[in-house]
Amino acid sequence: MTMMTRVEDNIPAAHTGVIAKEETAFELIGSEQDIDTSVFGRPGATVTGFKPGHFRVPQIKAYYHFPADLLEDFCAFWEVNDGGEGFLLFGDAGVGKTSFAEQFAARINAPFYEVVGDRDRVLDDWICTIHMTNDGAKPVLGPLALAVKFGGILCINEGDKLRPAARHGLHSILEGMPLVIPQLGNKGVIRPHPYFRLVMTGNSGGYGDQSGMYQDSNRFDLATLDRFVKRRLDYLPANIEEQVILQAYEEFPEELAPMVVKLANKVREQFRNGTWACTFSQRAVLRFVRWIIIHADKKDATGTHCGLARALDLALTEGLDEDVRKAIHEHAKDVFGNWWTLGAANV
Ligand SMILES: Nc1ncnc2c1ncn2[C@@H]1O[C@H](COP(=O)(O)OP(=O)(O)OP(=O)(O)O)[C@@H](O)[C@H]1O
Ligand SMILES: [Mg+2]
C-alpha cells in the first residue's frame, strides 16, 4: 500500500468537504456580475466581478489610487485569459504592487489569496496539505487550489525568491490545465474557474537583480518569463501621492503633504543612485504622516518641538547607519523649514 492510498483511506467521508466554508460562501454570492468601473474611480465601462459577501474579499482602502494605464492592462488581463498568462508586477519596495492586486479584487468583490514565495517553498504547500485530527488525516486545500476552483486572484508575493522547481510547477496551471490533487482521490481533479488569475509580485522583473539592491532575487528561466505579462510599477507622481495622503488622513495639514512627498522622493532618488541604503516606501510615507499627527505637539526637554523628527525616526530612520540617518534628518529640516521646529499642530 502506498503512502498516498493510506492517506486517502484515512480521510473520513465528512472531510471530503474540507472546502465547505468556501463552497457555502460561493453559493451565497452566486455567479459573476458586471461592475461599473467607477469602483476604481474611473467610470465609463464595466468589468466582470462577483456579488459582494465572500469572506476572502479584501477590505477597500478608499484612498487607494489606481494608476490608469496599469488598471487598463489589468482589466484586459482579468477579462480574457486564454493565453495561459500570469501577471508579474515588479518594482521597488513599497511602490504598491501587492495593494494594486488586492484593491482590484476588493473593488470587484473577488476573493483574494495572498502567499509569500520564499526559496524553501514547494508548491504542494499551496495546493493541499494533510492535517492530523482526532478523526484521522484530513486534507486541507491550500490557497492555490481554492483560487483555481472558485476563482479570484492568487497573489504570490516575492515570486522572484521562489526556486525554479516551484515556478515550473505553475506552468501547467497558467496554461489552464486542471489541477490534480492526489490526496483527494477521484475528487481531486480541479478545473480552473474562468476567473482564476495568478499575479506575482517582486522587486525584479524576472531577469534577476539589476540594481544591486535586491540581491535575493532569482533570475527566472525564459520558460517561466514567457508565461507572464510584465508591468513595472513606480512610486506615484508627487501630486497624486499628496492627494493619497490627504485622503488617507483628512486631518493632516494640507501644507505639509507636499513636503512629506518631497522628502520621500529625495530618499528614493538617493536609494536608486546607491547613496542611501534605504528607500521611502509609500507604506512608510503613510506611517510618517500618521506619526506626525500623533506627535503633532510633542516637545523635547528644552521645550523645542520634536514631533517631526520623532515621526521620521519611527517611520523610517531609526536603526539606519547613523550618517545616513543624520543626512536624511538634515534634508528633512530643509524641506520642512519652520515646521520642523514648530510642529504640525501649529500649521
Ligand atoms: N496607489 C496607491 N494608492 C494609495 N496607497 C498606496 C498606493 N500604493 C501603495 N500604497 C500604500 O502603500 C502601502 C504598501 O503598498 P504595497 O504593500 O502594495 O507595496 P509593495 O510594492 O507590494 O511592497 P513590498 O515591496 O514591500 O512588497 C499600501 O498598503 C498602501 O497603504
Ligand atoms: Mg508586496
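Basis of the calculations
Residues numbered from 1 in each chain as written. Chains lettered and ligands numbered in written order. Predicted model: local features only at pLDDT ≥ 70, side-chain atom pairs only at ≥ 80, totals over all residues. Heavy atoms only, no water. Helix = DSSP H or I, 4+ residues; strand = E, 2+ residues; numbered from the N terminus. Buried < 20%, exposed > 50% of the residue type's maximum accessible area, 1.4 Å probe, protein only. Contact = heavy atoms within 4.5 Å. Areas by Shrake-Rupley, 256 points an atom, 1.4 Å probe, with all protein chains shown as cover. Axes fitted to C-alpha atoms, helices over the stretch in contact; angles between N-to-C directions. Parallel < 35°, antiparallel > 145°, perpendicular 65-115°, else oblique. Left-handed = near helix turned anticlockwise from the far one by under 90°. Nonpolar A, V, L, I, M, F, W, Y, C, P; charged D, E, K, R; others polar. Near = heavy atom within 4 Å. Polar contact = N/O pair within 3.5 Å; in protein donor to acceptor, adjacent residues only side chain to side chain. 1 Å grid on protein atoms, 1.4 Å probe; cavity = no way out; pocket = protein on both sides within 12 Å on 5 of 7 lines; lining within 4 Å. Sits in = over half its atoms within 2 Å of the grid points. Domains from an automatic or database assignment. Salt bridge = Lys/Arg side-chain N within 4 Å of Asp/Glu carboxyl O. Pairing = 2+ DSSP bridges. pLDDT = per-residue confidence, 0-100. Phe/Tyr/Trp six-rings, centres within 6.5 Å; stacked < 30°, edge-to-face > 60°. Lys NZ or Arg CZ within 6 Å of the ring centre and 35° of its normal. Expected span 1.5 Å × (residues − 1). Arc of directions from axis to C-beta.

Brief notes about the overall build of the protein chain
Step number 1: Within the protein chain, the regular secondary structure consists of 14 helices and 11 strands.
Step number 2: The 347 residues of the protein chain split such that 50% are buried.
Step number 3: A fraction of 70% describes how many contacts in the protein chain between residues 6 or more apart in sequence connect residues 24 or more apart.
Step number 4: Accessible surface for the protein chain amounts to roughly 16,600 Å². Of this, 49% is attributable to carbon and sulfur atoms.

A look at the packing of helix α12 (residues 307-317) against helix α13 (residues 322-336)
Step number 1: Two numbers describe how α12 lies on α13: the axes approach to 11 Å, and their chain directions differ by 135°. One finds that α12 runs oblique with respect to α13. Here α12 and α13 pass one another in a crossing that is right-handed. Between α12, through Leu308, Ala309, Leu312, Asp313, Leu316 and Thr317, and α13, the contact on the second element is made entirely by Arg325, Ile328, His329, Ala332 and Phe336.
Step number 2: For the contact of α12 with α13, a count of residues per class yields seven nonpolar, two polar and two charged.

Some remarks on the site of ligand 1
Step number 1: Close to ligand 1 lie 18 residues, the nearest being His65, Lys97, Ser99, Gln282 and Arg283.
Step number 2: Contact distances for ligand 1 include 3.1 Å between an oxygen atom and a side-chain N or O atom of Lys61.
Step number 3: Gln282 places a side-chain nitrogen or oxygen 2.8 Å from a nitrogen atom of ligand 1.
Step number 4: Its free accessible area being 640 Å², ligand 1 has 88% of it covered by the protein chains.
Step number 5: Using a 2 Å cut-off from the grid points, one finds that ligand 1 occupies the largest pocket.
Step number 6: Counting only elements with at least two residues in the shell around ligand 1, the list comes to α4 (97-107) and α11 (282-294).
Step number 7: Partitioning the shell around ligand 1 into residue classes produces seven nonpolar, seven polar and four charged.
Step number 8: Of the domains in this structure, domain 1 (3-232) and domain 2 (238-346) are the two that each give at least three residues to the shell around ligand 1.

Some words on the pattern of salt bridges
Step number 1: Summed over the entire model, instances satisfying the criterion amount to 10 salt bridges.
Step number 2: The salt bridge involving Asp234 is made with Arg272; its shortest N-O contact spans 2.7 Å. Of this pair, Asp234 sits in the loop between β11 (228-232) and α9 (238-248) while Arg272 is found in helix α10 (residues 256-272), placing the two residues 38 residues apart along the sequence.
Step number 3: Ionic contacts of the salt-bridge type, sharing partners, join the residues Asp69, Asp73 and Arg231 into one network.

Details of the pairing of strand β6 (residues 136-141)
Step number 1: With six bridges connecting them, strand β5 (residues 128-133) and β6 associate as antiparallel partners. Bridge pairing in β6 places Met132 opposite Ala137.

Considerations on the confidence of the model for the protein chain
Detailed reading of predicted coordinates is not advised where the pLDDT is low.
Step number 1: When pLDDT is averaged along the protein chain, the result is 84; 85% of the residues meet or exceed 70.
Step number 2: In this model residues 1-18 is a low-confidence stretch, pLDDT under 50, and it forms 25 contacts with partners more than four residues away in sequence or in other chains.

Things to note about unusual backbone geometry
Step number 1: Phi is positive for Asn109, close to 60°, though the residue is something other than glycine.
Step number 2: Inspection of the secondary structure puts Asn109 in the loop between α4 and β4 (112-116).
Step number 3: Overall, the relative accessible area of 14% leaves Asn109 in the buried class.

A closer look at the packing of α11 against α12
Helices that pack against each other are described as a pair by the angle of their axes relative to one another and the distance between those axes.
Step number 1: The geometry of α11 relative to α12 is characterised by a closest axis approach of 8 Å and an angle of 145° between their N-to-C directions. α12 is crossed by α11, and the crossing has right-handed handedness. Each of Ala284, Arg287, Phe288, Trp291 and Ile292 in α11 lies in contact with α12, whose residues at this interface are Leu308, Ala311, Leu312, Leu314 and Ala315.
Step number 2: Of the residues assigned to the contact of α11 with α12, the class counts are nine nonpolar, no polar and one charged.

Examining the packing of aromatic side chains
Step number 1: The final tally for this structure, using the stated rule, is 14 aromatic pairs.
Step number 2: Here the aromatic rings of Trp78 and Phe104 are separated by 5.8 Å at their centres, their planes lie at 65°, and the arrangement is edge-to-face. You can see Trp78 sitting in helix α3 (residues 68-79) and its partner Phe104 sitting in helix α4, a full 26 residues away along the chain. Comparing Trp78 with Phe104, the two get one shared label, buried.
Step number 3: Among the aromatic side chains, those forming a connected cluster through ring pairs are Phe40, Tyr64, Phe66, Phe74, Phe77, Trp78, Phe87, Phe100, Phe104 and Tyr195.
Step number 4: The ring of Trp78 carries the charged tip of Arg197 above its face, separated from the ring centre by 5.7 Å.

Considering α3
Step number 1: Compared with an ideal rise of 1.5 Å per residue, which puts 12 residues at 16 Å, α3 spans 17 Å between its outermost C-alpha atoms and is within 8% of the ideal.
Step number 2: Burial in α3 covers these residues: Leu70, Leu71, Phe74, Cys75, Phe77 and Trp78. Projection of α3 onto a plane perpendicular to its axis shows the buried side chains occupying an angular sector of 160°, all on one side.
Step number 3: Against the buried residues of α3 lie β2 (46-50), β3 (86-90), α4, β7 (152-157), β10 (196-202) and β11.

Considering α13
Step number 1: Helix length check: α13, at 15 residues, gives a terminal C-alpha distance of 21 Å against a target of 21 Å (1.5 Å per residue), a fit within 8%.
Step number 2: The set of residues buried in α13 consists of Val324, Arg325, Ile328, His329, His331, Ala332, Val335 and Phe336. Angular distribution of buried residues about the axis of α13 spans 165°; they occupy a single face of the element. Opposite the buried face of α13, at more than 90 degrees from it, the exposed residues are Asp323, Lys326 and Asp334.
Step number 3: Check the buried side of α13 and you find it contacts α10, α11, α12 and α14 (339-342).
Step number 4: Backbone nitrogen of Asp323 and a side-chain oxygen of the N-cap are separated by 3.1 Å at the start of α13; the cap is Asp321.

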